[in-house]
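# Descriptive analysis of the structure
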Amino acid sequence: MTEVFNPETVEEAVALLAQHGEAMPLSGGATLIAMRNAALVEPSHLISLDRIPDLRGISRDDGGGIRIGAMTRHFETAACVELTGSLQVLRRAAGMIANRVVRNMGTMGGSVANADPAADYLPALSCCDAVLEIAGPDGRRTLSIHDYIEDWYETALEEGEIITAITLPAPVEVSSTYRKIARVSGDYATASCAMALDPDGQGLRVAIGACGPGPLRDRAGEKALRGKLDDPSAVSEFTSRLVALADPVDDVRGSAEYRLRLIPRLVTSVLSELTTQKEMA
């Protein structure tokens, strides 16, 4: 039977991970326990993060930015009234994760650490320009979500490190949303789109999920599209750039070709939704 430790501080958890080389941190357990039961991972010890108060809760800093503790449950993020405007996209993504049981159990830190390209948080966090707070044997550091994913299921987390929080810039009162196409409600995405308009409504930020090892962003394309959101040819050119940058795979949720076809449809549909909301506001 795998031994479970229950540290009460981040430092104690990091020390236990260093002491037991084959140990793994346990957050909500929604993914890790399933992987362990399927014999996909065999940790020597589990380091539960459940009793560490510093990893919980959602708070604002003096500048209006938002900090989400890594052990914050999906249902808490989905219900957070602080996630408005440009951060509404993250709240929407949290509400689409799996089902109520998983949303009550799973955590943002656990999902981000697992780094499944088809999961809901990563494109939403990319759209929000989130920053990860990380603790490890060499101390604490921060890392942009854009630098976090290195390859399929490979991240910039070093051995013995854990995600302690996710920080977001202060919300701006603009339209943002998240949409995914999935086989059934609550399934992982076949393709997804997180989008937020710029404050003046002339530009946007968009991240595509499940079409490569990490969220797909094209900042140069976003810049070129600025002021042309109502120009179909400019939007088409932008979506073509995204398709060219994508690196999808064939799997049970859809073929690579199907995913490439979904990208333009998702972007144009979500953009239409957000611009309509802006006009009605």
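Overview of the structure. What you see is a predicted model; the values in this text were computed from it and never measured.

This part takes up the sheet that holds strand β4 (residues 58–60). The five strands are arranged β4-β5-β10-β6-β7 in an open sheet whose pairing can be described as antiparallel. Only two strands of the sheet have a single partner each, and these edge strands are β4 and β7 (139–144). Here the strands of the sheet are splayed against their neighbours by 25° on average, with no regard to which way each runs. Two elements, strand β5 (residues 66–69) and strand β10 (residues 162–168), share four bridges in a ladder whose sense is antiparallel. Each bridged residue has a counterpart across the sheet, and for Ile68 the counterpart in β10 is Ile166.

This part takes up the nonpolar core. Membership of the largest hydrophobic core comes to 34 residues, with the highest contact counts inside it found for Leu90, Val112, Leu125 and Leu168. Of all the secondary-structure elements, those providing two or more residues to this core are β5, α4 (88–95), α6 (108–114), α7 (121–127), β6 (131–136), β10 and β12 (191–197). With near-sequence residues (within four places) excluded, Val112 lies in contact with Tyr121, Leu122, Leu125, Leu132, Tyr148 and Ile163. One finds Ala191, Met195, Ala234 and Leu274 within the second-largest nonpolar core, a separate group that totals 23 residues.

Even without a glycine there, the phi angle at Ala98 is positive, about 45°. Here Ala98 is to be found in the loop between α4 and α5 (100–105). Given the relative accessible area of 26%, Ala98 is considered partly exposed. A positive phi angle, near 70°, is found at Ala210, a position not held by glycine. Among the secondary structure elements, Ala210 is positioned in the loop between β13 (204–209) and α8 (219–225). Judged by its relative accessible area of 8%, Ala210 is buried.

The next subject is the pairing of β7. Within a regular strand, side chains alternate between the sheet's two faces. With six bridges joining them, β6 and β7 adopt antiparallel strand pairing. The residue of β7 that forms the bridge with Glu133 is Thr142. Taken together, β6 and the strand that follows it, β7, pair antiparallel across an intervening segment of two residues.

Conventions adopted
Residues numbered from 1 in each chain as written. Predicted model: local features only at pLDDT ≥ 70, side-chain atom pairs only at ≥ 80, totals over all residues. Heavy atoms only, no water. Pairing = 2+ DSSP bridges. Helix = DSSP H or I, 4+ residues; strand = E, 2+ residues; numbered from the N terminus. Axes fitted to C-alpha atoms, helices over the stretch in contact; angles between N-to-C directions. Core = buried A, V, L, I, M, F, W, Y, C linked by side-chain atoms within 4.5 Å. Buried < 20%, exposed > 50% of the residue type's maximum accessible area, 1.4 Å probe, protein only. Contact = heavy atoms within 4.5 Å.

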